[in-house]
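One letter stands for each residue in the lines below.
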Amino acid sequence: GENVEQHPSTLSVQEGDSAVIKCTYSDSASNYFPWYKQELGKRPQLIIDIRSNVGEKKDQRIAVTLNKTAKHFSLHITETQPEDSAVYFCAASKKEGRRALTFGSGTRLQVQP
Amino acid sequence: DAGITQSPRHKVTETGTPVTLRCHQTENHRYMYWYRQDPGHGLRLIHYSYGVKDTDKGEVSDGYSVSRSKTEDFLLTLESATSSQTSVYFCAISPGPQETQYFGPGTRLLVL
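Every value quoted in this text rests on a predicted model; they were computed, and no experiment measured them.

A.B. asks: Talk me through the side chain of Ser-87 of chain B; I want residue IDs and the actual numbers.
C.D. replies: Residues and elements named next belong to chain B. With respect to the secondary-structure elements, Ser-87 resides in strand β9 (residues 87-94). Of note is the side chain of Ser-87, whose polar atom sits 2.8 Å from the side chain of Asp-38. Not counting residues up to four positions away in its chain, the partners in contact with Ser-87 are Arg-36, Gln-37, Asp-38, Thr-107, Arg-108 and Leu-109.

A.B. asks: Any chance you could break down the sheet that holds strand β3 (residues 19-25) of chain B for me, citing the residues and the numbers?
C.D. replies: Residue and element names in this part refer to chain B. Overall, antiparallel pairing links the 4 strands, which are arranged β1-β3-β8-β7 in an open sheet. Two strands in the sheet have a free side with no partner beyond their single neighbour: β1 (4-7) and β7 (64-70). When strand polarity is set aside, the average angle formed by the axes of neighbouring strands in this sheet is 20°.

A.B. asks: Quick rundown of the state of the cysteines? Include the residues and the values.
C.D. replies: Per the counting criterion, the structure on display carries 2 disulfides over all chains. Two residues share a disulfide in this structure: Cys-23 of chain A and Cys-90 of chain A, whose sulfurs sit 1.9 Å from each other. Judged by the torsion about the S-S bond (-100°), the Cys-23 of chain A/Cys-90 of chain A disulfide is left-handed. Of the two residues, Cys-23 of chain A sits in strand β3 (residues 19-25) while Cys-90 of chain A sits in strand β9 (residues 86-94), which places them 67 residues apart along the sequence. For the pair formed by Cys-23 of chain A and Cys-90 of chain A, the shared burial category is buried. Shown here is the disulfide that connects Cys-23 of chain B with Cys-91 of chain B, its sulfur atoms set 1.9 Å apart. Of note, the bridge from Cys-23 of chain B to Cys-91 of chain B carries an S-S torsion of about -70° and is left-handed in sense. Note that Cys-23 of chain B is positioned in strand β3 and Cys-91 of chain B in strand β9, a separation of 68 residues in sequence. For Cys-23 of chain B, a relative accessible area of 0% corresponds to the buried category.

A.B. asks: Describe in detail a nonpolar patch on the surface, supporting the description with residues and values.
C.D. replies: A surface patch of nonpolar side chains, about 290 Å² in accessible area, is lined by Val-12, Leu-110 and Leu-112 of chain B. In this fold, Leu-112 of chain B is placed in the segment after β11 (107-111).

A.B. asks: So what's going on with the interface of chain A and chain B? Residues and values would help.
C.D. replies: Taken together, the contact between chain A and chain B spans 21 residues of the former and 24 residues of the latter. Roughly 1900 Å² of surface becomes buried between chain A and chain B when both sides are summed, with 50% attributable to carbon and sulfur atoms. In this assembly, chain A and chain B are joined by 0 salt bridges. The tally of links between chain A and chain B comes to 7 residue pairs in polar contact (both at pLDDT 80 or more). Taken together, the elements giving at least two residues each to the side of chain A that touches chain B come down to β4 (30-38), β5 (45-51) and β9 of chain A. Ranked by residue count, the leading element in the side of chain A that touches chain B is β4 of chain A, at 4 residues. Here the side of chain A that touches chain B is composed, by residue class, of 8 nonpolar, 6 polar and 7 charged.

Rules used in this analysis
- Residues numbered from 1 in each chain as written.
- Chains lettered and ligands numbered in written order.
- Predicted model: local features only at pLDDT ≥ 70, side-chain atom pairs only at ≥ 80, totals over all residues.
- Heavy atoms only, no water.
- Helix = DSSP H or I, 4+ residues; strand = E, 2+ residues; numbered from the N terminus.
- Polar contact = N/O pair within 3.5 Å; in protein donor to acceptor, adjacent residues only side chain to side chain.
- Contact = heavy atoms within 4.5 Å.
- Pairing = 2+ DSSP bridges.
- Axes fitted to C-alpha atoms, helices over the stretch in contact; angles between N-to-C directions.
- Disulfide = S-S within 2.5 Å.
- Buried < 20%, exposed > 50% of the residue type's maximum accessible area, 1.4 Å probe, protein only.
- Patch = residues over 30% accessible without salt bridge, like charges linked within 9 Å, V, L, I, M, F, W, Y side chains within 5 Å.
- Areas by Shrake-Rupley, 256 points an atom, 1.4 Å probe, with all protein chains shown as cover.
- Salt bridge = Lys/Arg side-chain N within 4 Å of Asp/Glu carboxyl O.
- Buried area = accessible area lost by both parts, 1.4 Å probe.
- Nonpolar A, V, L, I, M, F, W, Y, C, P; charged D, E, K, R; others polar.

Structure below.
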């Protein structure tokens, strides 16, 4: 089955700096890659997703890039703010077969004011 | 938050007892999922459902069973709870397999 690896497991940045979280996936048939944010004690929520027919997608300070050849995708957060502090999860799924998401192990982002 | 609730929110039980967790939605979404969340493991899929009475196993399904007799309810049962099943359990719903998943508030289960 699909395997998603996520790095780093923890990331600390200064407010205003950029943060990058990287994920690799194993199944070349995967074509949908969402990112979820989970604040402390709360439920995960989708922040952005990308499908395999595009290489990059942006939403204000958040962007995701996808390299299908290398089977990796990344989350970029610019101008980080304290409220960006949370655990971020990447995930992958494919169009055929068992189409449920496989999640990475998560990255705890701490933005220092 | 999408109309999704979980019950109970907290439960303490003893090894060997059966436990049932309930997920209830008011969004009429076709897909429902059960995940467990443990430190260092992210969210791992236990079972999911793609329609009434249609279910499939996830990556950590051993020791768990599910049932979905109507669109709005998805039940997760631990037939005989073990300490390794101590975890936070999240239910999620989505309109389709590659669409946004909306998570419930979670259930904290402690098996002594």
